[in-house]
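Structural overview for review
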Amino acid sequence: MDVAERMSPIRWWIPVLACWILLGVTWSLFIEVGSRLCILTAGMAVLILFFQIGMVVHAFVKRRRRAGWWNIGGVVCSLVGILVFLYASLIGLFLAAMEPDTDPFGREHPIPDTLMCGKPVPYGACDTIPVDSSAAAALVVYADFQGGMYRYDFYASDLPSGTLWLRCFEATENIPLSPGRIERRTMIRIPAHTGFRRLCHRSPFTVYEGVWGEYYAVRVEVWFRPDGGDKECRLIGKVYKMDGWMR
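Residues numbered from 1 in each chain as written. Predicted model: local features only at pLDDT ≥ 70, side-chain atom pairs only at ≥ 80, totals over all residues. Heavy atoms only, no water.

**Regarding the nonpolar core**
Among the nonpolar cores identified, the biggest contains 27 residues, and Val141, Tyr152, Phe154, Leu164, Phe205, Val220 and Met242 are the most heavily contacted of them. Filtering out sequence-adjacent residues up to four positions away, Val141 remains in contact with Pro120, Val121, Tyr150, Arg151, Tyr152, Phe205, Val220 and Tyr240. (Core = buried A, V, L, I, M, F, W, Y, C linked by side-chain atoms within 4.5 Å. Buried < 20%, exposed > 50% of the residue type's maximum accessible area, 1.4 Å probe, protein only. Contact = heavy atoms within 4.5 Å.)

Rendered as structure tokens:
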């Protein structure tokens, strides 16, 4: 029994459902974290569509028109899902472009002339930025492909096993940025180690306060809590000139 014969009418909706789920995951990843995984999931949805088209062609070549008609229904439903996804994305981008800036956070917190701010390493820069290995900890922040989206490398010496996470603050007034949200999305477990070691590599985080192009001073801090202990401590903090992500 070949593939076309095994494709019963009851199962035609399985690839359709998979296609729609992948498109929903793509949209969620883009809206929430802007992850590059959205490219992978959208690509998988398109591959499922091509698989269904191949099934239709195979069914008709083999003259199994009943299986072919069920597969045509699957192709149409999946294609509708992809078109709806593209339409919603284009409308969302158009409305975002037409909508006036609604978050004045950056304008309300100008960077004082006396405050020294670093700049995130540009997107697409070399893989590894040199750091001082004699220090107890080192932090490097990279700009990602959209404003407000960033990545970071973190290095440290001689830590027990425990949990690491980021906290971000507006530097002039010490205002927590995206409180709870950044912590949850950057929290990782690390094993005990000795010597100077990179513990995070291009790990993503997003600052939501403000809009693209309106920069303010952000203090990025790395915090740590050892296993079996309730006391948390700040390992390092650096001030950067950053903007917020426009939702």
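Text resumes after the structure shown.
**Quick word on the pattern of salt bridges**
Throughout the structure, instances matching the rule amount to eight salt bridges. The salt bridge partner of Arg107 is Glu214, with a shortest N-O separation of 2.7 Å. On the criterion of sequence distance, the pair formed by Arg107 in helix H5 (residues 105–108) and Glu214 in the loop between strand E6 (193–206) and strand E7 (216–226) is long-range, its members being 107 residues apart. On the accessibility criterion, Glu214 (17% relative accessible area) is buried. A salt bridge links Glu221 to Arg219; the nearest nitrogen and oxygen atoms lie 2.6 Å apart. (Salt bridge = Lys/Arg side-chain N within 4 Å of Asp/Glu carboxyl O. Helix = DSSP H or I, 4+ residues; strand = E, 2+ residues; numbered from the N terminus.)

**Quick word on unusual backbone geometry**
Of note, Asn174 is a non-glycine position whose phi angle comes to about 60 degrees, a positive value. Along the chain, Asn174 falls in the loop between strand E3 (162–170) and strand E4 (175–176). Unlike most non-glycine residues, Arg202 shows phi in positive territory, near 50 degrees. Turning to its location among the elements, Arg202 is positioned in strand E6.

**Structural notes on the side chain of Ser203**
Mapping Ser203 onto the fold places it in strand E6. Excluding anything up to four places from it in sequence, Ser203 contacts Tyr150, Arg151 and Tyr152.

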